[in-house]
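Notes for the structure review
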Amino acid sequence: MRGVVNVQQAEAWNGWEGTAWAENAARYDAMMGGFNEPILDLAAIGGHDEVLDVGCGTGQITLLAARRAGRAVGVDISEPMLTRARADAAEQGIANARFERADAEVHPFGKGGFDVVLSRGGVMFFTDPTAAFANIARALRPGGRMVFIVPQAGGPDSEYAQATAALAPLMRGPSPAAQGMGSLSDPDRIRAVLGDAGLADVDVRPVSAPMDYGRDATDAADFILSQGPVRHNLRDLDQAALIRVREELRDGLAPFAEPDGVRIRGSVWLVSAGQPTG
Ligand SMILES: C[S@@+](CC[C@H](N)C(=O)[O-])C[C@H]1O[C@@H](n2cnc3c(N)ncnc32)[C@H](O)[C@@H]1O
């Protein structure tokens, strides 16, 4: 891949965390899928639109966009994620989606080549967010629109904090791939970064949705324990401690178990902005 400035992120997302995510893509898509409709509804993709999905990962949103659009292109810095995305596109017979490895912060996108830019949580990891959004905005035609979600800062009262209280004392810092995850959790910062990047009509609104963590409390505990940030922080625990944490986590998740799965309400900022027309 030419032109990478986010070297640390490229290493992390091409390492064990990216591989583990790609291998569990269906579970991550189930977790994040409640946000698909709000993103796609706001993006209002037209049948001839050219769509760019930034930090597309294993490509669920790219493929959903492709079904509505003229063409969709997913870019991501992680080869394991893109391999999975291409396989899913082939399996679903979606011929108008393409996936490209790129650092979106500096990739030479064609000027004004896209009507819509989307991202489901793929735009928080840039070294220089203003430069990155200015670069991505250049790919939008005048009058084109950008719609993305970024995580809100989860407070101690959030359902996730309640359900995973067993992990709280062990979570000392972000995993390599999660560095930057909270960089756009403040709406004022989002507005400042997008404004400095030359985007207009910035709108930031809260959206929450049930996030699907697993079939039952045990399954959900195992999924959470498999996630990069948790694995990173628990890597030095011995077997006995790990078993204890797993049991406590399962007990914390049990109140959120419904007949068809464990659902925890998650909150994001749904952001839209436009490329000025003149
Ligand atoms: C939290 S994952 C979200 C993936 C996907 N959008 C989804 O919803 O499943 C973040 C993604 O952003 C990608 N990413 C991080 N930094 C990037 C960069 N500078 N350029 C392109 N992609 C990047 C990662 O490789 C990863 O696939």
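First, a word on scope: everything that follows refers to the structure included in this document. (Residues numbered from 1 in each chain as written. Predicted model: local features only at pLDDT ≥ 70, side-chain atom pairs only at ≥ 80, totals over all residues.)

Structural notes on the overall build of the chain
Along the backbone of the chain there are twelve helices and eight strands. Since a compact globule built from 278 residues should have a radius of gyration of about 19 Å, the 19 Å found for the chain is in line with a globular shape. With respect to the principal axes defined by its C-alpha atoms, the chain has extents near 60 × 40 × 35 Å. Taking all 278 residues of the chain together, 41% fall into the buried category. (Helix = DSSP H or I, 4+ residues; strand = E, 2+ residues; numbered from the N terminus. Rg over C-alpha atoms; globule rule 2.2 N^0.38 Å. Buried ≥ 20, exposed ≤ 12 C-beta atoms within 10 Å, placed from the backbone.)

Considerations on the nonpolar core
The biggest cluster of nonpolar side chains holds 77 residues, and the ones touching the most others in it are V51, A65, V117 and L118. With six residues, the top contributor of residues to this core is strand β5 (residues 140–151). The contact partners of V51, leaving out residues within four places of it in the chain, are I45, A65, A69, A72, F114, D115, V116 and L118. (Core = buried A, V, L, I, M, F, W, Y, C linked by C-beta atoms within 7 Å. Contact = placed C-beta atoms within 7 Å.)

Brief notes about the site of the ligand
Around the ligand lies a shell of 23 residues, among which W13, G55, G57, S78 and R120 are the nearest. Going through the elements one at a time, α1 (7–13), α3 (25–32) and β2 (71–76) are the ones with two or more residues in the shell around the ligand. Among the residues making up the shell around the ligand, the classes are represented as ten nonpolar, nine polar and four charged. (Near = placed C-beta within 6 Å. Nonpolar A, V, L, I, M, F, W, Y, C, P; charged D, E, K, R; others polar.)

Quick word on the environment of A220
Turning to its location among the elements, A220 is positioned in helix α10 (residues 217–226). C-beta crowding within 10 Å serves as the criterion here: with 28 such atoms nearby, A220 is assigned to the buried category. Setting aside residues no more than four positions away along its own chain, A220 makes contact with Y213, G214, L253 and V262.

A word on unusual backbone geometry
A positive phi angle, close to 45°, is found at A44, a residue other than glycine. Residue position: A44 is located in the loop between α4 (36–43) and β1 (50–54). By the C-beta count within 10 Å, which is 11 here, A44 ends up exposed. For D201, which is not a glycine, the phi torsion comes out positive at approximately 50°. What makes D201 exposed here is the crowd of 12 C-beta atoms within 10 Å.

Some words on the packing of helix α2 (residues 16–23) against helix α6 (residues 79–91)
It is at 8 Å that the axes of α2 and α6 come closest, and there the two elements cross at 20°. What the angle tells us is that α2 and α6 run roughly parallel. Judged by the twist between their axes, the crossing of α2 over α6 is right-handed. Together, G18, T19, W21 and A22 of α2 and P80, M81, T83 and R84 of α6 make up the contact between the two elements. Looking at the contact of α2 with α6 residue by residue, the classes come out as four nonpolar, three polar and one charged. (Axes fitted to C-alpha atoms, helices over the stretch in contact; angles between N-to-C directions. Parallel < 35°, antiparallel > 145°, perpendicular 65-115°, else oblique. Left-handed = near helix turned anticlockwise from the far one by under 90°.)

Observations concerning the pairing of strand β8 (residues 261–274)
In terms of strand pairing, β5 meets β8 through seven bridges, oriented antiparallel. Residue pairing in the sheet places R145 in a bridge with G274 of β8. When strand β6 (residues 200–214) meets β8, the two strands line up antiparallel, connected through twelve bridges. Paired with S208 across the strands is S267, a residue of β8. Inspection of the sheet shows strand β7 (residues 257–258) paired to β8 by two bridges, in the antiparallel sense. Residue A257 lies in a different strand from β8, and its bridge partner there is V262. (Pairing = 2+ DSSP bridges.)

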